[in-house]
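# Examination of the molecular architecture
Below, each chain spelled out in residue letters.
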Amino acid sequence: MANSNQYEPGRDLLSPNRNFAPITSEIDEQGILMVGGCKLSCLAERYGTPLYVLDEATIRAACKSYKESLEKYYPGRSLALYASKANSSLAISSLMASEGLGLDAVSEGELITALKGGVPSNQIVLHGNNKSDQELLLAYKNGVKIVIDNQHDIDRLTQIVPSGSRPAELMLRFTPGIECHTHEYIRTGHLDSKFGFDPDQLESALKQLKKIDCARLSGLHAHIGSQIFELEPHKDLTGVMVDALALARQLGHPIEDLNIGGGLGIRYVEADDPPSIEDWVKVISNGVKEACELKKLDLPRLMCEPGRSLVANAGLTLYKIGSRKNIPGVRTYVSVDGGMSDNPRPITYQSCYSACLVDRPLDPVKEKITIAGKHCESGDVLLKDLSLPYSRRGDVLAVFGTGAYNSSMGSNYNRIPRPAAVIVNNGQSDLVQRREQPEDLLQYDVIPDHLIELG
Ligand code: LLP
């Protein structure tokens, strides 16, 4: 898929995942791009580049859309959880908590970020296919729901939870046999996945958990994939999950929660056309409701766990343009001051993005260039064949849709410090992550004595 070259942000105010730019994007009278009421060129000046920018109104609109759609279409109780692997920080945790969302964590780091950010512990779930004892204990002590992924989790919990004390609150994850890519999906009996119990093991795991005093199984979980544009796989998933719900209740488990996972896709480039949050929620709500009616089951609390569709389109990254290399007849590389360490998705998944120059987003396109990162790696290219007006050294480039799986998957490759992150709203900008400095990267380095002597 080609990268988009035009600034056509789209305007679905209710479902931000359908626009590649934040919903507050506007062009001021001087033709400069603003987000959250802040001029992007001023943010670059004030905070430096690369800079992650998050638009608070866009995140809140996405949260509201999940919550209100669940209330509209699902007659039972419901809870949307934020999959914090998409972008984990204290500020985002507290924003999610203020919108009444719960949170999905997959490590001790994500868990303490959620707890310290103010997410109520009974609205947090802990995932992971290889949880440490420390992670299990932290979750147990705080009353966080633990998603049992495999036999190892069961074995460790029986060791960790003191006998005679309050049982751990559990959900059980299984692989539903639905394999999903963005534009196709298949149903199979078994999936080659490291996560969750295989469908064949589900019944014996449920029977085993029934005999364990230290555990109370009150939920079931499945997740079929990410950046999904079709609604059919999630509809199928609800049927599979309600079958599992019937089985678990038959075996005596007090199952209250059905967690359908995340996966709704977003628009990165003009050609992407994901469903709205409302349509997605409608499908999962109706699916669970109808399957429960058919099987005469009490409605469970319906949970979902979106990550990308809550934060990706609220985010953009600002870079300063630097060097240029023209290879006649081949391509022109224009380099920016960040790259694969702040956005590893293009080199990892060949992902495409949309971008524009912030101080002349509407100027006529004049050339096709390739935006390269500054890392010592030929594949460190952020956007291929991007059509832009002529750009000069020092111009600020905005790359859209970077609010999910950029900061959270970032690295310090080449000892490049991590960017700062700001949140913008109503003309105000606030730092949510300070910029790392090169010296910060030395703080955990140790020179063994014998090397100091030799030096
Ligand atoms: N729940 C579970 C159990 C998950 O594994 C995931 C994502 C989610 C929820 C949230 O899915 P979402 O709504 O964000 O699609 N690094 C990749 C994406 C990996 C997704 C991993 N799991 C990327 O940058 O595209």
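Note that the structure is predicted; figures quoted are calculated from it, not measured. (Residues numbered from 1 in each chain as written. Predicted model: local features only at pLDDT ≥ 70, side-chain atom pairs only at ≥ 80, totals over all residues. Heavy atoms only, no water.)

## Quick look at the overall build of the protein chain
Looking only at helices and strands, one finds 12 helices and 22 strands in the protein chain. Taken over C-alpha atoms, the radius of gyration comes to 23 Å for the protein chain, in line with the 23 Å a tight globule of 455 residues would show. In terms of principal-axis extent, the alpha carbons of the protein chain reach across some 70 × 65 × 40 Å. Counting all 455 residues of the protein chain, 55% fall into the buried class. Partitioning the intrachain contacts of the protein chain with sequence separation of at least 6 by distance along the chain shows that 69% fall at a separation of at least 24. When the accessible surface of the protein chain is summed, it comes to about 19500 Å², and 49% of that surface belongs to carbon and sulfur atoms. One way to put it: in the protein chain the 48 positive side-chain charges average out to a point 1 Å from where the 58 negative ones average out. (Helix = DSSP H or I, 4+ residues; strand = E, 2+ residues; numbered from the N terminus. Rg over C-alpha atoms; globule rule 2.2 N^0.38 Å. Buried < 20%, exposed > 50% of the residue type's maximum accessible area, 1.4 Å probe, protein only. Contact = heavy atoms within 4.5 Å. Areas by Shrake-Rupley, 256 points an atom, 1.4 Å probe, with all protein chains shown as cover. Lys, Arg positive; Asp, Glu negative; His and termini not counted. Charge placed at Lys NZ, Arg CZ, Asp CG, Glu CD.)

## Overview of the packing of aromatic side chains
Enumeration according to the criterion identifies three aromatic pairs in this entry. Judged by centre distance (5.3 Å) and plane angle (50°), the rings of F20 and F400 are tilted. Highlighted residues: F20 in the segment before β1 (26-27) and F400 in strand β20 (residues 396-400), separated in sequence by 380 residues. Its relative accessible area of 1% is what places F20 among the buried residues. (Phe/Tyr/Trp six-rings, centres within 6.5 Å; stacked < 30°, edge-to-face > 60°.)

## Some points on the side chain of S25
Here S25 lies in the segment before β1. Taking the relative accessible area as the measure of exposure, S25 reaches 2% and is therefore buried. In terms of polar contacts, S25 uses its side chain to reach the backbone carbonyl oxygen of P22, at 2.6 Å. (Polar contact = N/O pair within 3.5 Å; in protein donor to acceptor, adjacent residues only side chain to side chain.)

## Topic: the sheet that holds strand β14 (residues 301-304)
Taken in spatial order, the eight strands line up as β5-β6-β7-β8-β9-β12-β13-β14 and close into a barrel, and their pairing is parallel. Averaged over all neighbouring strand pairs, the angle between strand axes comes to 30°, with direction disregarded. Bridge count for strand β8 (residues 145-148) against strand β9 (residues 168-173) is three bridges, and the pairing is parallel. Directly across from I148, in β9, lies its bridge partner L172. Packing of helix α2 (residues 56-73) onto the sheet brings it into contact with β5 (78-83) and β14, and relative to β5 it is tilted by some 155°. Contacting β13 (257-259) and β14, helix α9 (residues 277-295) runs over the sheet at an angle of about 145° to β14. (Pairing = 2+ DSSP bridges. Axes fitted to C-alpha atoms, helices over the stretch in contact; angles between N-to-C directions.)

## Considering the site of the ligand
Neighbouring the ligand are 18 residues; S226, E305, R308, R345 and Y405 lie closest to it. S226 is positioned such that a nitrogen or oxygen atom in its side chain is 2.3 Å from an oxygen atom of the ligand. G263 has a polar backbone atom sitting 2.9 Å from an oxygen atom of the ligand. For the ligand, whose free accessible area comes to 580 Å², the fraction covered by protein is 86%. Tallied by class, the residues present in the shell around the ligand amount to five nonpolar, seven polar and six charged. Mapping the shell around the ligand onto the domain boundaries places at least three of its residues in each of domain 1 (16-55 + 312-442) and domain 2 (57-311). (Near = heavy atom within 4 Å. Nonpolar A, V, L, I, M, F, W, Y, C, P; charged D, E, K, R; others polar. Domains from an automatic or database assignment.)

## Structural notes on a nonpolar patch on the surface
A surface patch of nonpolar side chains, amounting to about 300 Å² of accessible area, comprises I447, L451 and I452. You can see L451 is positioned in helix α12 (residues 449-454). Taking the relative accessible area as the measure of exposure, L451 reaches 43% and is therefore partly exposed. (Patch = residues over 30% accessible without salt bridge, like charges linked within 9 Å, V, L, I, M, F, W, Y side chains within 5 Å. Salt bridge = Lys/Arg side-chain N within 4 Å of Asp/Glu carboxyl O.)

## A few points about the pairing of strand β6 (residues 102-105)
Along β6, one buried face is formed by G102 and D104 and the opposite face, lined by L103 and A105, is buried too. Bridging between β5 and β6 involves three bridges; their strand directions are parallel. When the sheet's bridge partners are listed, A83 is paired in β6 with D104. Regarding topology, helix α3 (residues 90-98) serves as the crossover connection from β5 to the parallel β6, and that connection is right-handed. In the sheet, β6 pairs with strand β7 (residues 124-126) via three bridges, with the strands oriented parallel. Considered in β7, the bridge of A105 is made with L126. In terms of handedness, the path from β6 via helix α4 (residues 108-116) over to β7 forms a crossover that is right-handed. (Right-handed = clockwise from strand over helix to strand, strands pointing away.)

## Re the pattern of salt bridges
Within the structure shown, the criterion is met by 23 salt bridges. One salt bridge connects R18 with D273, and the closest N-O pair in it is separated by 3.0 Å. Of the two residues, R18 is situated in the segment before β1 and D273 in the loop between β13 and α9; the sequence distance between them amounts to 255 residues. For D273, a relative accessible area of 48% corresponds to the partly exposed category. Two residues, K295 and D243, come together in a salt bridge whose shortest N-O distance is 3.2 Å.

## A look at the environment of I224
Within the fold, I224 resides in the loop between β12 (215-221) and α8 (232-250). The class for I224 is buried, based on a relative accessible area of 8%. Measuring from C-alpha to C-alpha, the distance between I224 and G263 comes to 7.2 Å, with 39 residues separating the pair along the chain. In contact with I224, other than residues within four places in its own chain, are P176, I178, C180, P233, H234 and L237.

## Let's talk about the sheet that holds strand β2 (residues 33-35)
Overall, antiparallel pairing links the three strands, which are arranged β1-β2-β3 in an open sheet. Because the sheet does not close on itself, it has two edges, and the strands there are β1 and β3 (38-39). Note that β2 and β3 share two bridges and pair antiparallel. From the neighbouring strand, M34 faces β3, where its bridge partner is K39.

Geometric values such as these leave the question of function open.
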